[in-house]
Amino acid sequence: MMKFKSPPVNSLSLDFLTEFSISLEKLENDRACRGVIITSAIPKIFSSGLDITEMCGKSVEHYAEFWRAVQEMWLRLYGSNMVTVAAVNGASPAGGCLIALSCDYRIMAENPKFSIGLNEAQLGIVAPFWFKDTFVNVVGQRIAERALQLGSLYPAPEALKLGLVDELVPEEKLLEKASAVMAQWLALPDHARQITKSMMRKAVLDRLVAHREEDIKYFINFISKESIQKSLRMYMEMLKKKKS
Ligand SMILES: CCCCCCCCCCC/C=C/C(=O)SCCNC(=O)CCNC(=O)[C@H](O)C(C)(C)COP(=O)(O)OP(=O)(O)OC[C@H]1O[C@@H](n2cnc3c(N)ncnc32)[C@H](O)[C@@H]1OP(=O)(O)O
């Protein structure tokens, strides 16, 4: 089991992403480890998504390093040979949602206050093609088109209806259920499951691998625009104001 613990809200900073990727690599190389359950140690928060401060007012070199780390995390998780189960025990916007979507199975706590989705459009930014592809592979083209354009965050019951998560369980039963699902998936021979998983995900993974440097350039170009920087600053101010 991997438990995110980066207070206050498990934002995906460069350090967090690097540590996450290294942990995934270690587990992947450990023949005794056939599956991983991903959850959070922070109450009410799975992950608040990419750390916005990493995308604000930094150098081009920093943006490149950060984006490469985001790509690396996704390539490792989406391309993992292990069985991956997300036990979503709190809010899961944007990059948090991407992590859940990249797993093989998503179980969410049945709390309508917890929401999940790719809300980038609400921040005035665009979910990259590989976020979009991952989303489409889970919910299908029509639901993804609407959800991504509106940047919708869905409360747990709605997320279930759309197929964004596979099931809801009472929060106190989340890990028990995740373990039961893991046991069910691990009952199959690894080889057949892994080849099937790779077959289903290969095209989407290959697309980023083939365009990785181009994608970094797009990101830098996009995020460096003054209009985008302004949107992000306003969004951060709004988050801070919400408290007072
Ligand atoms: C041509 C096309 C080219 C495309 C190129 C690519 C373009 C760029 C693509 C970028 C993709 C981005 C993906 C992302 O993941 S962006 C991040 C999106 N995340 C969010 O919108 C979530 C924001 N946060 C919240 O909604 C709430 O914080 C949350 C519900 C998660 C928790 O609420 P709670 O009330 O418990 O906590 P607070 O809001 O008070 O937050 C506590 C402190 O944490 C700070 N915070 C929150 N989220 C983030 C974040 N994502 N990054 C950095 N910091 C964050 C918040 O400001 C509070 O800070 P202070 O205590 O200092 O006030």
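What this report covers is the structure whose coordinates are included nearby. None of these values were measured; they are calculated from a predicted model.

### Some points on the site of the ligand
Alright, step 1. In the vicinity of the ligand, 29 residues are found, and the nearest of them are S48, G49, L50, A94 and G95.
Alright, step 2. The dominant element in the shell around the ligand, judged by the number of residues it contributes, is helix α10 (residues 226-243), at five residues.
Alright, step 3. In the shell around the ligand, the residues fall into 18 nonpolar, six polar and five charged.

### Some thoughts on the packing of helix α2 (residues 60-78) against helix α8 (residues 190-210)
Alright, step 1. Running from N to C, α2 and α8 point in directions that differ by 160°, and their axes come no closer than 11 Å. The angle between α2 and α8 falls in the class roughly antiparallel. Crossing angle aside, the handedness with which α2 passes α8 is left-handed. Mapping the contact onto sequence places Q71, L75 and Y78 in α2 and R201, L205 and L208 in α8.
Alright, step 2. The class makeup of the residues in the contact of α2 with α8 is four nonpolar, one polar and one charged.

### So, helix α1 (residues 14-29)
Alright, step 1. Its 16 residues place the ends of α1 23 Å apart at the C-alpha level, agreeing with the 22 Å of an ideal helix rising 1.5 Å per residue.
Alright, step 2. For α1, the set of buried residues is F16, L17, F20 and L24. Buried residues of α1, viewed axially, fall in a sector of 95°; they line one side. Facing away from the buried side of α1 by more than 90 degrees, the exposed set consists of D15, I22, K26 and N29.

### Considering helix α5 (residues 141-150)
Because the α-helix completes a turn every 3.6 residues, residues three or four places apart line up on one side.
Alright, step 1. Regarding α5, the residues found buried are A144, A147 and L148. Projection of α5 onto a plane perpendicular to its axis shows the buried side chains occupying an angular sector of 95°, all on one side. Relative to its buried face, α5 has exposed residues pointing more than 90 degrees away, namely R142, R146, Q149 and L150.
Alright, step 2. In this structure, the buried residues of α5 make contact with β7 (115-117) and α4 (129-139).
Alright, step 3. Where α5 ends, the next residue or the one after it, G151, has phi of about 60°, a positive value.

### Brief notes about the sheet that holds strand β2 (residues 35-40)
Alright, step 1. Read across the open sheet, the five strands follow the order β1-β2-β4-β6-β9; overall the sheet is parallel. In the strand order of this sheet, the two ends are held by β1 (2-4) and β9 (167-169), each with one partner. Each strand axis lies, on average, 20° off the axis of its neighbour in the sheet, ignoring direction.
Alright, step 2. The sheet contact formed by β1 and β2 spans three bridges and is parallel.

Conventions we followed
- Residues numbered from 1 in each chain as written.
- Predicted model: local features only at pLDDT ≥ 70, side-chain atom pairs only at ≥ 80, totals over all residues.
- Near = placed C-beta within 6 Å.
- Helix = DSSP H or I, 4+ residues; strand = E, 2+ residues; numbered from the N terminus.
- Nonpolar A, V, L, I, M, F, W, Y, C, P; charged D, E, K, R; others polar.
- Axes fitted to C-alpha atoms, helices over the stretch in contact; angles between N-to-C directions.
- Parallel < 35°, antiparallel > 145°, perpendicular 65-115°, else oblique.
- Left-handed = near helix turned anticlockwise from the far one by under 90°.
- Contact = placed C-beta atoms within 7 Å.
- Expected span 1.5 Å × (residues − 1).
- Buried ≥ 20, exposed ≤ 12 C-beta atoms within 10 Å, placed from the backbone.
- Arc of directions from axis to C-beta.
- Pairing = 2+ DSSP bridges.

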